[in-house]
Each structure stands twice: as structure tokens, then as C-alpha cells.
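Given next are the chains, with one letter for each unit.
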There are 2 protein chains.
Amino acid sequence: MKSYLQMTREELAEEKKELEKEFADIKELSLDFNLTRGKPSPRQLDLSMGMYDIISSASILRTEAGTDCRNYGSLDGIDEAKRLMAGFMDCSQEQVIVHGNASLSIMYDTIARAMLHGVLGSAPWCRLDKVKFLCPVPGYDRHFAITQYFGIEMVNIPMTAKGPDMDLVEQLVNGDDTVKGIWCVPKYSNPQGITYSDETVRRFAALKPAAEDFRIYWDNAYAVHDLYGNDRDVLLPIMRECEKAGSEDMVYEFCSTSKVTFSGAGISAMGMSERNREDMLKQMSVQTIGHDKIKQWTHTRYLKDMDGVRAHMAKHAEIIRPKFEVVHKILSEEIRPRAIGSWIKPKGGYFICFEAMEGCARAIVAKAKEAGIELTAAGAPFPYGVDPRDATIRLAPTFPDLDEMEQAARVFACCVRLVSVEKLLSRSE
Amino acid sequence: MKSYLQMTREELAEEKKELEKEFADIKELSLDFNLTRGKPSPRQLDLSMGMYDIISSASILRTEAGTDCRNYGSLDGIDEAKRLMAGFMDCSQEQVIVHGNASLSIMYDTIARAMLHGVLGSAPWCRLDKVKFLCPVPGYDRHFAITQYFGIEMVNIPMTAKGPDMDLVEQLVNGDDTVKGIWCVPKYSNPQGITYSDETVRRFAALKPAAEDFRIYWDNAYAVHDLYGNDRDVLLPIMRECEKAGSEDMVYEFCSTSKVTFSGAGISAMGMSERNREDMLKQMSVQTIGHDKIKQWTHTRYLKDMDGVRAHMAKHAEIIRPKFEVVHKILSEEIRPRAIGSWIKPKGGYFICFEAMEGCARAIVAKAKEAGIELTAAGAPFPYGVDPRDATIRLAPTFPDLDEMEQAARVFACCVRLVSVEKLLSRSE
């Protein structure tokens, strides 16, 4: 198989003709697959249904400490849920607040609070002329939507194989007091599946921010979402590293069971220093009387502890690993030899991030849509939806069935080839 | 039995001596009752445990429309939950957004959004020099905590037997464009148990606010919380009245199942006009992917419809009505003839509001505490915790057992008598 880059104009034109025929055949199939979001498949959701067999009208819904989970109270969550979520974040139980059904809402609230009330006594951000957040790219579109909603200026930070470009992060955080935060998905990053190296985590912990109210927003969304059991990426626990560096107030960590039990019906949590925790609880005491303790009860009784979580996640991996691998296989066969795209084969997480030739992403997503495959909008993994290179495409392989995913990957490969050929032809005009 | 007001100084002194002896005997009992919050009792919470018998690992957790409740999505809630909550608010299903476990959080979010993003395009309140909220008093302390947290100036509005003093409300809302909202608990108000009259509701709907971003925050927390079955207060539906008056954008209505099923583990909802709903969903789409649909599923399957809700609430009433009545009985026997306090006998809700002699509330609460009865802090039902007359005490009879409540009411009556005698003696000095 020949690299497209080495083809003559005539060879490319010939290839294009064949691909157009292939594409026309695909369109005949009237496919309708949705690969836009990182959603668990129904089979994955089935894995947690046992949770509803451990609760019935006969259950005594009391915590270990005797609190009635059916009544008001316990603003920071029940102890056993704090302990469980501390395991996700590798921090101590005392550093945890258990929240509602989504870590996204905690992040939103945390920023909203900073806007109106500042951080640990700092000036409210809404009174400042400029507030900036660093955004490692490609990244998670919902993070960027929050910062955009609050009018926070977003600064792109390139991702490397070891995490964000830390030279740039250090320069901006340590040198610019309008930089108030950085969004991080440190393990199996969304969308690339990169896990930050030990050095990266340590450099984060060693930051000396110009702004006292700068915080690292450490969204450990895929903390336990390994695809290959013990052959997994290991992330240094940021909170412990910050403690060692004396910078424990600098980080907020987030996690949830959204892709462990039920998406939108799990529990979420935040880990942070004692001072940050007090600050947050002050706000929360105005906002709520407490989160859903019955759900905390069912989750802790069902998952038990981190061993239970790992065993549970191994079942998820059984279901989704083949889907990741079929995408990897097809891209390896169809794309790699033709030198028209690259990707990282992740050991976990929910995405495969495809890097097309520059200027091709939007066209590929449009082509795929024409063929009945809905992909995440090109540009979505970038602040303001703008991918400066128009090259990044996020693939979400978990939701479709395995054969659907295989078919979708083949169609995707065809679209990539067709758009790449067109691009190369237009270049050589 | 003689009114204290007609007693001579000698009679009062004699009474005081006897009461002091009685109080000393009470202290010997080392009571420990908590009447601070409106919490359901365990027996009430038992009423909803059947909800966990209708869900098991074999359940198909799909909505009527076929949506998988276990996965992401449905930002505004599932249709059947919208329909159920529309019944609470007597509005149409299309006007409802179903939220998480607490209406308090929706109220907080709604104000936070107005602070940072304004209301339907108005200037964000954080940019204004002054923002005021009207607070019918006595009222709900958690409402006042929200407005205080956001630095909103609170203006006391006296309650009457028909609701807030509407002359004053009209004057302030229609004449002052810094008045952006009013907190209302329109049915079985917290703490007095007053239901707004039809005329009051119509006058609310007919307000012509000076501020375009003025909203009525209609916290219909006790919509179905009747104590006497069909002998219940009937509240005019504000949303329908506003539609008739062409002021449908002026009201946000809130409700929840916190005191129907589980406190902190129920579902909540907001009702509003189409324009307000769009405005809210825009913000919510940044804040969350959606609320817990499994809980919406279990709630709608368990409660079914408003007939189901009424039947369920009748069981609550069976449990709590005797507690309200014993308080009423003891106060009628011990306090009324002595003319040292008044209260309304409510037909529903969660509280009895006791009006002591002016200047006595804090002393009574302190005395009760000395006797082992924890009451809501005096002043709590007022903005900034300041009761200008120091007279209002909120009693929450639902949580204790019936005999505990009876005992607590007797102790309370003793404390009221003792403090009142002391007050009268100090006056006549």
C-alpha cells in the first residue's frame, strides 16, 4: 500500500475515482450511527443493575454512623461514600465532598462561586477586567463551554505525549496574574487518551502562580477507566504531590461514577485541601441541605471499595476494549500506510483522537455525516470551537455495538481517504 | 385561669415562683428533643420505601418515549416526571423543568444566574449598584440566606392572614426598579401556615414591575401537604393567573417531593413561561448534561399521578396531624387563657408559628434549650436573623414522636409562661 504523499497526481485522481464509487455504495446502506459523545453502551449500563437488588422496602437505609439516608442532612456526604471517592482520587477521606449526579455541575459551581465570591477571600472574578484559563488542546468541550459562558478568556496550551506543554504552563501561570485556572483531564485525557507523566504532575505541583486564586481544575474523569487491567497508566496523585510541595490549596480534583455505574444517575465528588473545603462548604450550605444520600448508600454498598471498583471496571473493559481495538485495527490498516492521519492507541478512557491532515477535519466530519455517521463536531475539542489546524477529530467508540463500530470505522476510513485525496489534489493544482 | 396581663405584681411573683419550681423539675428530666427543622419523621419516610420494590436488576429503565434512564441526556427531565410535577404546580407539562434532589438548589442557581447573566437579557445584577428582594416576614430562613449570600438587600414585608401586605408589595414592585424579586411560600407558608387568598394571588399576577427583570419566586413547597384531606386550603394557580394577566414571564414556581417521598433524595421541579424556560435551559446546558432520570423513573412509577400523590399525602397527614393537634391543644390550654401568645392553627405545611409577647422570643428559645428542647433560633424567620419585635418562634412538630411532641409542647408552654412573667415583672418595675 502506498503513502498518498508519494502518489502522483494521476494516481491520486485514480484513487479518488475508486473512493467516490466506494462512498456512493456506502451511502446506499443508509447507515445511522451516532459517535458524538462518550456514552456507555446499554450492555455496560446493565453491569450496574445489580445495585437495585441490594435495596428494597426492607432495607435499613442508615450509614455506618447511623444517619438516616432518607432524611435531610450530611452536606459533605456520608462517610462511606467519601471513603470510596477518596479511592478514585488517591487522597484522604477528610479531603472529599460528595456531590450530586455529575462532576460537571461541581466544576460549573466552583467557577460560578469564584466569579461572584472569589476564591478563599480573593476578589470576585466578575469585578476583574480580565480572567484567563489555560486550556490544554485538544480538550473537553464541556470544560470550554463553562469558561466561555462566564466570559473567561481561554488560552490554548498544546498537549504533548506527557501532558500539557509545561514550559508554557509555567511561564503563563507563574508570570501572569490574570491566569486563574487550567483545565486538566490528567488520565486518559479527553480526547487523546494521554496520561500525564510523573514529571508533568510534579511540575504542576511546583507551580508558583502569580495569582493567589489560581487553581488547577483536575478533572480525573477516567481515574479507573482502564482497558487492559493491570497494564494501565498510573497517574501520580496530584493532591499528595501538592502537599509535598506545600501547594495543597492550588488544586481542585473532580471525579464521578458516571461511567462506572450510571451516566447521570451516579455520584460525583471533589477532593481538595482543608481550606478549600471550608470555602466550598460555606457556599454549599446556602445552596443545598445536602445531596442524595440514598444514592450514596446504594453506590457504596454495591461497589464496596477500590477492589470492587477495579473488578467492576474490568467488566466494562471486556465490553468496550474490542471496540477500541477494531477502530485501531482499521485505522492501522487503512490510514497508517497511506500516511494521512495519526492517533494514539489509548490504554483507557472513552475516546480515540484522530489527527487528520491539516485542513481536513471539518470536511471529514461532513463526509461522515453524509454517509450516516454522526461524529463530534470538528473543532469541538478546542476553545470557541476553533481548531486552528482543522485536523482533530474525536471518535467515541463505546456506545455502538461492536459490528456497528467496525462498520463505522470502515466508513470513517473511507471518508478520511477521500477527503485527504481531495486535499492533496487541490494542493497540487 | 387568669390572663397574666390582669395579674398584680404579687400574683405574677407567685406565679414565677411556681414556674421556676416546675422548670427545675423539667430540667431533672434531661430531655433532648430537636424541633429546629421541618423534617419528616422516620415513620413518614417509611411510607415511600415501596418505591424500592418497583425497581430491581430486571427493570427496564426506559421512559414512555423509550429513552434509557440510565444514560446521559434529557436536560429538562423525562416527560412523565414533567407531567407529575406539573400537577403539583397546576401548570402544563410543557412549562416544567425537572431538576435534582432539591428545589433550594434551583432557587440558588436561578439567583446566581441572574447575578452573572441577568434575566432574559437584562443587565447582570452583579453590575448594578443595588438589588433588592422583598421578603414577607416571618418567612423561610434558607430563602433569606440565598439573597444575603449574593449581597441582595432584603426588605421586610409584613404577612397578613391573606398573604403578604399587597399594598406595600405593589408600591415597592411597581415603583422601584431596584426591586428584582419577592420570596413567596404561598401555600401553608413557612412558618405561619397561611395560604395566600385568591385576591392576593390575582394582585400578584397584576403587578406592573418597574424592573423588567423582576420575578416572583413562588416556592410552592407545601402544594400537597394538607393535614385534613379535603378540608384543605386551595391556592389559585399563579401561572394561570399570570397568563390571564399577560404577565407569564413574571413568575418562577418551584416545588419538590422532599416532604412527599425522601428529604434530599426526591425530585424537584420548576414551572415557568416558555421564554423563561429557554433562558434557563441555555444556562443549564452548560452546567449539566441532565439530572437523575432513574430517580425520575422510580418517582413517577411509584406516585403515578396527582391522585396517587393525594393518597400518599393522606398517609403522611395521619402521622403528623396528631402532632400538630397536640401542640395546638397544649397552647390552647396553657397559653391562650393567659394571653401571652398567639398562633394560627394551620391546615397543612410543616410548622406552627408562635407569636410570643414582644421581646420574649430569644429568651423563650434560650429557656427551652436549657430544658433540653432545641428550637429554631429566634430571628431565623427574618432577613439577617433579626426579628424587630423579638416575638416569633417557629415550631416544627413533624420529626419527634407524638409523646415526645406532647412533652416538648408542655415544656415549651412552661418556658413561654416563665419568660412572659419575667417580662411583665420587669415592665412593672
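Reading guide: rules and limits
- Residues numbered from 1 in each chain as written.
- Chains lettered and ligands numbered in written order.
- Predicted model: local features only at pLDDT ≥ 70, side-chain atom pairs only at ≥ 80, totals over all residues.
- Heavy atoms only, no water.
- Helix = DSSP H or I, 4+ residues; strand = E, 2+ residues; numbered from the N terminus.
- Rg over C-alpha atoms; globule rule 2.2 N^0.38 Å.
- Buried < 20%, exposed > 50% of the residue type's maximum accessible area, 1.4 Å probe, protein only.
- Contact = heavy atoms within 4.5 Å.
- Areas by Shrake-Rupley, 256 points an atom, 1.4 Å probe, with all protein chains shown as cover.
- Lys, Arg positive; Asp, Glu negative; His and termini not counted.
- Charge placed at Lys NZ, Arg CZ, Asp CG, Glu CD.
- Phe/Tyr/Trp six-rings, centres within 6.5 Å; stacked < 30°, edge-to-face > 60°.
- Pairing = 2+ DSSP bridges.
- Right-handed = clockwise from strand over helix to strand, strands pointing away.
- Buried area = accessible area lost by both parts, 1.4 Å probe.
- Salt bridge = Lys/Arg side-chain N within 4 Å of Asp/Glu carboxyl O.
- Polar contact = N/O pair within 3.5 Å; in protein donor to acceptor, adjacent residues only side chain to side chain.
- 1 Å grid on protein atoms, 1.4 Å probe; cavity = no way out; pocket = protein on both sides within 12 Å on 5 of 7 lines; lining within 4 Å.
- Points joined across faces, edges and corners; volume = space filled by probe spheres on them.
- Nonpolar A, V, L, I, M, F, W, Y, C, P; charged D, E, K, R; others polar.
- Least-squares fit on C-alpha atoms with pLDDT ≥ 70 in both.

Chemist: Account for the overall build of chain A, naming residues and giving values.
Modeler: Broken down by element type, chain A carries 13 helices and 13 strands. For 429 residues, the compact-globule formula gives about 22 Å, and the C-alpha radius of gyration of chain A, at 23 Å, lands near that figure. Based on the C-alpha atoms only, the size of chain A along its principal axes is roughly 75 × 55 × 35 Å. The buried share of chain A, reckoned over its 429 residues, is 63%. Sequence separation of 24 or more characterises 77% of the internal contacts of chain A that already satisfy a separation of 6 or more. Accessible surface, chain A: about 15700 Å² in total, of which carbon and sulfur atoms supply 48%. Distance between charge centres in chain A, computed from 54 positive and 63 negative side chains, equals 1 Å.

Chemist: Which residues make up the packing of aromatic side chains, and what values do they have?
Modeler: As enumerated under the stated definition, the model contains 32 aromatic pairs over all chains in all. Look at Tyr 217 of chain A and Phe 254 of chain A: their rings are 6.4 Å apart centre to centre, the planes differ by 10 degrees, and that puts the pair in the stacked class. Here Phe 254 of chain A lies in strand S8 (residues 251–256) and Tyr 217 of chain A lies in strand S7 (residues 215–219), a separation of 37 residues in the sequence. As far as burial versus exposure is concerned, Tyr 217 of chain A and Phe 254 of chain A are alike and both buried. Between the aromatic rings of Phe 133 of chain B and Tyr 217 of chain B, the centroid separation amounts to 5.1 Å while the plane-to-plane angle is 45 degrees, which identifies the pairing as tilted. Here Phe 133 of chain B, found in strand S3 (residues 132–137), pairs with Tyr 217 of chain B, found in strand S7 (residues 215–219); they are 84 residues apart in sequence, far enough to count as distant. According to the relative accessible area criterion, Phe 133 of chain B is buried, its value standing at 0%. Residue Tyr 217 of chain B is classed as buried on the basis of its relative accessible area, which comes to 0%.

Chemist: A description of the pairing of S7 of chain A should follow, citing residues and the corresponding values.
Modeler: All names here are of chain A. S7 sits mainly inside the fold: five of its five residues count as buried. Taken together, the four bridges between strand S6 (residues 179–184) and S7 define a ladder with parallel strand orientation. When the sheet's bridge partners are listed, Cys 184 is paired in S7 with Trp 218. The handedness of the S6 to S7 crossover, carried by helix H7 (residues 198–205), is right-handed. In terms of handedness, the path from S7 via helix H8 (residues 238–245) over to S8 forms a crossover that is right-handed.

Chemist: A description of the interface of chain B and chain A should follow, citing residues and the corresponding values.
Modeler: Frequently, the measure chosen for interface size is the accessible area removed from exposure when the parts meet. Opposite the 55 residues of chain B that make contact, chain A presents 55 residues. Surface buried jointly by chain B and chain A totals about 4700 Å² across both partners, of which 57% is contributed by carbon and sulfur atoms. The residue Arg 70 of chain A makes a salt bridge to Asp 46 of chain B at a minimum N-O spacing of 2.7 Å. Taken together, chain B and chain A are joined by 21 residue pairs in polar contact (both at pLDDT 80 or more).

Chemist: If you had to explain the layout of surface pockets to someone new, which residues and values would you point to?
Modeler: One number sums up the size of the largest pocket: a volume of about 410 Å³. In terms of lining residues, the largest pocket is bounded by 29 residues, among which Tyr 72 and Ile 289 of chain A together with Tyr 140, Ser 258 and Lys 259 of chain B are the most central. When residues in the lining of the largest pocket are grouped by element, the largest group, three residues, is from helix H4 (residues 103–117) of chain B. Residues of the lining of the largest pocket, tallied by class, amount to 10 nonpolar, 12 polar and seven charged.

Chemist: So what's going on with the relation of the copies chain B and chain A? Residues and values would help.
Modeler: Here chain B sits on chain A after a turn of 180 degrees about the axis and a move of 0.0 Å along it, with an RMSD of 0.1 Å. As the rotation angle and translation indicate, the two copies are arranged about a two-fold axis. The share of interface residues of chain B whose copies in chain A are also at the interface is 100%, consistent with both copies meeting through the same surface.

Chemist: So, the environment of Ala 223 of chain B: which residues are in play, and what are the values?
Modeler: Residues and elements named next belong to chain B. One can find Ala 223 in the loop between S7 and helix H8 (238–245). Look at Ala 223 and you get buried, because its relative accessible area is 7%. Distance in space between the C-alpha atoms of Ala 223 and Thr 257 is 9.9 Å, their sequence separation being 34 residues. Setting aside its immediate chain neighbours within four residues, Ala 223 contacts Phe 88, Lys 187 and Arg 310.

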